[in-house]
Amino acid sequence: MSESSFQDDVLGELGPDRLNEIAGLLGTDEAGARDTVATTVGAMTGGLQEKADADDEDGDEVRQAVAEVAEPPLQGVATLGGGLLGGGLMAGVLAKVSKPVAAAVAKKTGIPAATVSRVIEMLIPVLLAVFAKRAAAGKGAAAGAPGAAPGAAPAEGGGLGDLLGQILGGGRK
């Protein structure tokens, strides 16, 4: 149920205009677009959690991206043309999981993988915004080590695994 809360946040952040744009891309109505977005978001968050749990370079990269999302946002002029929503490590991580997610969603829904990939491209900035909002909302409970740089995130689960679970709306199972 908490995963659907994350999906609801993504759908809310998308708004009706972008949802209608996705529906047009998919050749369906708003309900069909919502279902496809929910399926895609579920697959992406599952892929992120799976990579974060891995004890390899991919896992390290996801944990560093989560730590970056948890950093306080930039203030003032520094936010123009940059910051998390302009890219960042999490955007790269999402881009990496997008191809296997597109293939999985295409297989599950029958929608061509190229079309699902275009939907994912539209969703990445929205996912980044939701991650940032959720991390900011829970920063007190999951602050982690004080003063830790994003690249200096601990490799073992603990705080970052909990933070990823918090951002995605659930804990580790």
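Cut-offs and rules
- Residues numbered from 1 in each chain as written.
- Predicted model: local features only at pLDDT ≥ 70, side-chain atom pairs only at ≥ 80, totals over all residues.
- Heavy atoms only, no water.
- Helix = DSSP H or I, 4+ residues; strand = E, 2+ residues; numbered from the N terminus.
- Polar contact = N/O pair within 3.5 Å; in protein donor to acceptor, adjacent residues only side chain to side chain.
- pLDDT = per-residue confidence, 0-100.
- Contact = heavy atoms within 4.5 Å.
- Salt bridge = Lys/Arg side-chain N within 4 Å of Asp/Glu carboxyl O.
- Axes fitted to C-alpha atoms, helices over the stretch in contact; angles between N-to-C directions.
- Parallel < 35°, antiparallel > 145°, perpendicular 65-115°, else oblique.
- Left-handed = near helix turned anticlockwise from the far one by under 90°.
- Nonpolar A, V, L, I, M, F, W, Y, C, P; charged D, E, K, R; others polar.
- Core = buried A, V, L, I, M, F, W, Y, C linked by side-chain atoms within 4.5 Å.
- Buried < 20%, exposed > 50% of the residue type's maximum accessible area, 1.4 Å probe, protein only.

So, the environment of Glu68
Consideration 1: Mapped onto the fold, Glu68 is located in helix 3 (residues 57-70).
Consideration 2: Glu68 sits 20 residues away from Gly88 along the chain, and the two C-alpha atoms are 7.9 Å apart.
Consideration 3: Among the polar contacts listed, one links the side chain of Glu68 to the backbone nitrogen of Leu89, at a separation of 2.8 Å.

So, the confidence of the model for the protein chain
Consideration 1: Summarising the model, the protein chain shows a mean pLDDT of 76, and 68% of its residues fall at 70 or more.
Consideration 2: Within the model, pLDDT remains below 50 along residues 75-86, and this stretch shows nine contacts once partners closer than five positions in the same chain are excluded.
Consideration 3: A low-confidence stretch, residues 140-160 stays under pLDDT 50, and its non-local contacts, those more than four residues away or across chains, total 19 contacts.

Concerning the pattern of salt bridges
Consideration 1: Within the structure shown, the criterion is met by six salt bridges.
Consideration 2: Arg134 is paired through a salt bridge with Asp9; the nearest N and O atoms lie 2.8 Å apart. One end of the pair, Arg134, is in helix 5 (residues 113-137); the other, Asp9, is in helix 1 (residues 2-26), and 125 residues separate them in sequence.
Consideration 3: Here Glu30 and Arg34 are joined by a salt bridge, their closest N and O atoms 3.5 Å apart.

Some remarks on the packing of helix 3 against helix 4 (residues 88-109)
Consideration 1: Where helix 3 contacts helix 4, the axes come no closer than 7 Å and their chain directions differ by 140 degrees. Accordingly, the angle class assigned to the pair helix 3 and helix 4 is oblique. Judged by the twist between their axes, the crossing of helix 3 over helix 4 is left-handed. Contacts from Glu61, Val62, Gln64, Ala65, Val66, Glu68 and Val69 in helix 3 reach Gly88, Leu89, Met90, Val93 and Lys96 in helix 4.
Consideration 2: Its residues placed into classes, the contact of helix 3 with helix 4 shows seven nonpolar, two polar and three charged.

Brief notes about the packing of helix 4 against helix 5
Consideration 1: Remark: helix 4 packs on helix 5, axes separated minimally by 9 Å, with the N-to-C direction vectors making an angle of 140 degrees. It follows from the interaxial angle that helix 4 and helix 5 lie oblique. Helix-helix and strand crossings are classified by hand; for helix 4 and helix 5 the assignment is right-handed. Counting all contacts with helix 4, which are made through Met90, Ala91, Leu94, Ala95, Ser98, Val101, Ala102, Val105 and Ala106, the residues of helix 5 involved are Ala113, Val116, Ser117, Ile120, Ile124, Leu127, Leu128 and Phe131.

Here's the deal with the nonpolar core
Consideration 1: Judged by nonpolar contacts, the single largest core of 40 residues is most densely connected at Val10, Ile22, Val37, Met90, Leu94, Leu123 and Leu127.
Consideration 2: Sorting the residues of this core by element identifies helix 1, helix 2 (30-53), helix 3, helix 4 and helix 5 as the ones contributing at least two each.
Consideration 3: Per-element tally for this core: the top contributor is helix 5, with twelve residues.

With respect to the environment of Ala137
Consideration 1: Inspection of the secondary structure puts Ala137 in helix 5.
Consideration 2: Distance in space between the C-alpha atoms of Ala137 and Ala70 is 9.8 Å, their sequence separation being 67 residues.

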